[in-house]
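Understanding the architecture of this molecule
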Amino acid sequence: MLRLILRRLALLVPTLFGLSVLLFLWVRALPGGPAAALLGERATPEAVAEINRLYGFDRPLHEQYVRYLGQLLQGNFGTSLTTRRPVMEEFTNRFPATVELTIWAILIAVVVGIALGYVAARRHGSLVDNAAVVASLVGVTVPVFFLAFILKFVFAVRLGWFPSTGRQSNDIDATHYTNLYVLDGILTGEWDAAWDAVLHLVLPALALASIPLAIIARMTRSSVIEVQSSDYVRTAVAKGLRPPRVRNRVLLRNALLPVATTIGLQVGLLLSGAVLTETVFSYPGIGGFLATAISSADYPVLQGFILLIALVYALVNLAVDISYGIIDPRLRTR
């Protein structure tokens, strides 16, 4: 298991290096160069020359990249052009909000998706199975931003059951240690603040979880159907093992391996979907800030955030690889 972890960590280096090269070339391949993109309509020849000199864009390309890579290795991801604050500071201020939203979304997707897929597979061909298949197809096809608008209009605007924007109400005076508002409310015993944070998370988490939930449900259903018809499941039943033991130790455990891979891949989908969801609900996470950076051509933020999100995504996939060894002990020695 330790060799597996070290091998996966070693693969992070060329992955992040390659991504840094692509991001570096992407910015410099913009029409008119990064200086013209930053200045927009104000891109006079004098202003472009000044920006090129200020940011070092007038130097040879290899020198620019070496300088850029050296800054990255020192933890310097640049400075936001709009807020004039370090990109890393902007990321760390907003990342806990996105983490909290992503955790709630993935919990909803995993719990409901696995349960729905398992029940559908166990009743294969029944009305329950057909309804689950149709629901999962709808979940995959409905865009996240459209579902977010529908949830916001119905449950926040019309019914008033949930807040429509933000992470916490303005009249809540809460103490924040981790910037994970629900956890902070529990740790400090401020239950009103924790409950208020939960209410603010419900609608964006449901919208963000819709597509991963449908994908996990479909994968669980197909995996359980395949495993329950395998020889080792029939052998376990023939040996007289009790049905709960067969379901939990043989059927579900073996069916969860491809599901675990699917769950890991959905984290990247959640991080990308957070851009739309956080924008609709005015949720102050990295997704909403990325949307603002795109519209304002804040390329230091775009480069830094994409690299940091890629690092998070790679670490999540490492956690998925480790989970294989927990689900199936035979894989620990590979």
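So, here is what we can say about the structure in this document. (Residues numbered from 1 in each chain as written. Predicted model: local features only at pLDDT ≥ 70, side-chain atom pairs only at ≥ 80, totals over all residues. Heavy atoms only, no water.)

Some thoughts on the overall build of the chain
Note the following rule: Secondary structure elements follow DSSP: runs of H or I of four or more residues count as helices, runs of E of two or more count as strands, with numbering from the N terminus. Buried means the residue's accessible area, taken with a 1.4 Å probe over protein chains only, is under 20% of the maximum for its type, while exposed means over 50%, and partly exposed covers the values in between. By the convention used here, residues are in contact when the closest approach between their heavy atoms is within 4.5 Å. Residue burial considers only the protein chains on display, and all accessible areas are found by Shrake-Rupley using a 1.4 Å probe.
Per the secondary structure count, the chain includes 13 helices and zero strands. In the chain, the succession of α and β elements from N to C terminus is α-α-α-α-α-α-α-α-α-α-α-α-α. Counting the 334 residues in the chain, one finds 41% classified as buried. For the chain, contacts bridging at least 24 residues in sequence account for 73% of all contacts bridging at least 6. Carbon together with sulfur atoms contributes 66% to the accessible area of the chain, which is approximately 17800 Å² in total.

Some words on the pattern of salt bridges
Opposite charge on two side chains permits them to pair, given that their charged atoms come into close proximity. Counted only if it meets this: Any Lys or Arg side-chain nitrogen located within 4 Å of an Asp or Glu carboxyl oxygen qualifies as a salt bridge.
Applying the stated criterion across every chain yields a total of four salt bridges. Residue E90 is joined to R94 by a salt bridge in which the shortest nitrogen-to-oxygen separation is 2.3 Å. Here R94 and E90 lie together in helix 5 (residues 87-122), a separation of four residues that amounts to about one turn. With a relative accessible area of 0%, E90 lands in the buried category. Across the pair E100 and R167 runs a salt bridge whose closest N-O atoms are separated by 2.7 Å. One end of the pair, E100, is in helix 5; the other, R167, is in the loop between helix 7 (144-158) and helix 8 (181-188), and 67 residues separate them in sequence. Take E100: its relative accessible area is 5%, and that puts it in the buried class. Taken together, the shared-partner salt bridges in this structure form one network comprising R85, E89, E90 and R94.

Overview of helix 8
Here is the rule: This arc is taken over the directions from the axis of the helix to the C-beta atoms.
Among all positions in helix 8, only Y181, V182, D184 and G185 are buried. All buried residues of helix 8 fall inside an arc of 165° around its axis, so they share one side. Phi turns positive one or two residues past the end of helix 8, at G189, with a value near 75°.

Some details on the environment of T82
Note that T82 resides in the loop between helix 4 (61-73) and helix 5. Taking relative accessible area as the criterion, T82 reaches 44% and is therefore assigned partly exposed. Separated by 211 residues in the primary sequence, T82 and A293 have C-alpha atoms spaced 8.1 Å apart. Aside from chain neighbours lying at most four places away, what touches T82 is S296 and D298.

Topic: a nonpolar patch on the surface
Rule in force here: Like-charged residues are merged into a patch within 9 Å and nonpolar side chains (Val, Leu, Ile, Met, Phe, Trp, Tyr) within 5 Å, provided each residue has over 30% relative accessible area and no salt bridge.
Taken together, the side chains of F145, F146, F149, I150, F153, V154, V157, L159, W161 and L276 make up a nonpolar region of the molecular surface, amounting to roughly 960 Å² of accessible area. With seven residues, helix 7 is the largest single contributor of residues to the nonpolar patch. As for its position among the elements, V157 is in helix 7. A residue is classified by how much of its surface remains accessible, and V157, at 53% relative accessible area, is exposed.

Comments concerning the packing of helix 5 against helix 12 (residues 286-295)
Test applied: Axis definition: a line fitted to C-alpha atoms, limited for helices to the stretch in contact. Angles are taken between N-to-C directions and run from 0 to 180 degrees. If an angle is under 35 degrees, it is roughly parallel; if it is over 145, roughly antiparallel; if it lies from 65 to 115, roughly perpendicular; otherwise it is oblique. Each residue is assigned to one class: nonpolar for Ala, Val, Leu, Ile, Met, Phe, Trp, Tyr, Cys and Pro, charged for Asp, Glu, Lys and Arg, and polar for all the others, Gly among them.
One way to put it is that helix 5 packs onto helix 12 with a least axis distance of 8 Å and a crossing angle of 130°. With respect to helix 12, the element helix 5 is oriented oblique. Contacts from E90, F91, R94, F95 and T98 of helix 5 reach helix 12 at I286, G287 and F289. Looking at the contact of helix 5 with helix 12, its residues break down into four nonpolar, two polar and two charged.

Focus on unusual backbone geometry
Backbone geometry places N179, a non-glycine residue, at a positive phi of 65°. By secondary structure assignment, the location of N179 is in the loop between helix 7 and helix 8.

Considering the environment of I215
In this fold, I215 is placed in helix 9 (residues 191-228). Spatially, the C-alpha atoms of I215 and S136 are 7.0 Å apart, while their sequence positions differ by 79 residues.

What to know about the side chain of S210
By the element assignment, S210 lies in helix 9. Leaving out residues up to four positions away in the same chain, S210 has contacts with G139 and L147.

Things to note about the environment of F149
Along the chain, F149 turns up in helix 7. Look at F149 and you get partly exposed, because its relative accessible area is 48%. Between the C-alpha atoms of F149 and P204, which are 55 residues apart in sequence, the distance is 9.8 Å.

This is a description of form; function is not addressed.
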